[in-house]
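# Descriptive structure summary
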Number of protein chains: 2
Amino acid sequence: MEPKTYTHDEIIAMLREHGINPTAQRVEIARELFSRKGHYSAEDVFALVNNDQTQVSKATVYNTLGLFAEKRLIRQLIVDPTKVFYDPNMVPHHHFYDVVTGKLTDIDANDVRITGLPALPPGAQMEGVDVIIRMRQANPTAG
Amino acid sequence: MEPKTYTHDEIIAMLREHGINPTAQRVEIARELFSRKGHYSAEDVFALVNNDQTQVSKATVYNTLGLFAEKRLIRQLIVDPTKVFYDPNMVPHHHFYDVVTGKLTDIDANDVRITGLPALPPGAQMEGVDVIIRMRQANPTAG
DNA sequence: CTCCTAACTTATAATCGGTCTAAATCTATG
DNA sequence: CATAGATTTAGACCGATTATAAGTTAGGAG
Ligand SMILES: [Mn+2]
Ligand SMILES: [Mn+2]
Ligand SMILES: [Zn+2]
Ligand SMILES: [Zn+2]
């Protein structure tokens, strides 16, 4: 299932709906992200965005990804100890994480039920629930 | 519930049971970790271990925490984008994570049921399931 | 014991994501 | 056109972690 292709104007509308001023760089970064599914580091996005003619600075890539996450246009994944990943898929879902390759795979959250969690501490607002299933590919005929 | 106090020999036995050669530094680090409950960065452990007479280098603290985690004597927590935390509590449990303060709180996993997860990819071994509930303390009278 | 080697520890340099700074550029408005 | 606020940028900087290379330790062989 390839992700929907968004027009320039649709991207701009998405940004506006999330309270983000649609500058050229932000539109370009959003377009790259939403034209694919997957999980991307800031460096990944920097490479994607500068593959073609456009030129966006590293600082802007970092700033923009942080802004998008804060405005909940994309989701931040803390799962690799060395870098943050960003996920354009905002449908609630969980992840498999291959601890060897670092690869992330989506798990639809519709079928998943989590019960028995305690109440939040008083005055606390839930931000989200992350479920990460760490796994390792069984050593293929090593011995 | 304060954690059990371990004797020097008990610490050594714990390390041996996990296939870890009990050097002076490793015993000291293990003692500091297991004499409290909580979630500690490598810097935290470095400070704990060098509070008293003993002197353990930063490199050894990092190496030892990595070794302990690999041998499953402690658990690594990837939840803060800037640093790794280590958890001496090996009883299966989950975590609240205050995204503002960075504070981690344990959630007993006994009561928690997670159903509807898909099967692992073929050939994959499960390493563990991490559930992290991100929350934020409601803005106390700000405005 | 003393010698020898492998395991371990250490100080320090290096790496690398990520953030900060201060200057340049843009954009909307008068 | 002039102005100010928002944004972008190059490059300096930072802090956690890892790599390097030299020193130390422990324990078995002789
Ligand atoms: Mn592009
Ligand atoms: Mn100590
Ligand atoms: Zn995902
Ligand atoms: Zn814990």
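Residues numbered from 1 in each chain as written. Chains lettered and ligands numbered in written order. Predicted model: local features only at pLDDT ≥ 70, side-chain atom pairs only at ≥ 80, totals over all residues. Heavy atoms only, no water.

### Here we look at the domain arrangement of chain A
Residues and elements named next belong to chain A. Assigned domains within chain A: domain 1 (8-80) and domain 2 (90-135). Taking the mean C-alpha position of each, domain 1 and domain 2 sit 23 Å from one another. Between domain 1 and domain 2, roughly 920 Å² of surface is buried when both sides are summed, and carbon and sulfur atoms account for 54% of that area. Looking only at domain 1, the three residues that lose the most surface to domain 2 are H39, R75 and V79, adding up to 62% of its buried area. At the boundary of domain 1 with domain 2, the tally comes to four residue pairs in polar contact (both at pLDDT 80 or more). (Domains from an automatic or database assignment. Buried area = accessible area lost by both parts, 1.4 Å probe. Polar contact = N/O pair within 3.5 Å; in protein donor to acceptor, adjacent residues only side chain to side chain.)

### Side note on the interface of chain B and chain A
Counting residues at the interface gives 36 residues for chain B and 36 residues for chain A. Between chain B and chain A, roughly 3200 Å² of surface is buried when both sides are summed, and carbon and sulfur atoms account for 58% of that area. Notably, a salt bridge pairs D130 of chain A with R134 of chain B, separated by 2.9 Å at the nearest N-O pair. Here chain B is connected to chain A by 16 residue pairs in polar contact (both at pLDDT 80 or more). If one sorts the elements of the side of chain B that touches chain A by residue count, strand β7 (residues 124-137) of chain B sits on top with 14 residues. Taken together, the residues that form the side of chain B that touches chain A break down as 23 nonpolar, six polar and seven charged. (Contact = heavy atoms within 4.5 Å. Salt bridge = Lys/Arg side-chain N within 4 Å of Asp/Glu carboxyl O. Helix = DSSP H or I, 4+ residues; strand = E, 2+ residues; numbered from the N terminus. Nonpolar A, V, L, I, M, F, W, Y, C, P; charged D, E, K, R; others polar.)

### Details of the coordination of the manganese ion (ligand 2)
Looking at the metal site, the manganese ion (ligand 2) is ligated by E28 of chain B (OE), E32 of chain B (OE), D52 of chain B (OD) and D52 of chain B (OD), spaced 1.9 to 2.7 Å from it. What makes E32 of chain B buried here is its relative accessible area of 9%. (Donors = N, O, S within 2.8 Å, 3.2 Å for Na, K, Ca; no water. Buried < 20%, exposed > 50% of the residue type's maximum accessible area, 1.4 Å probe, protein only.)

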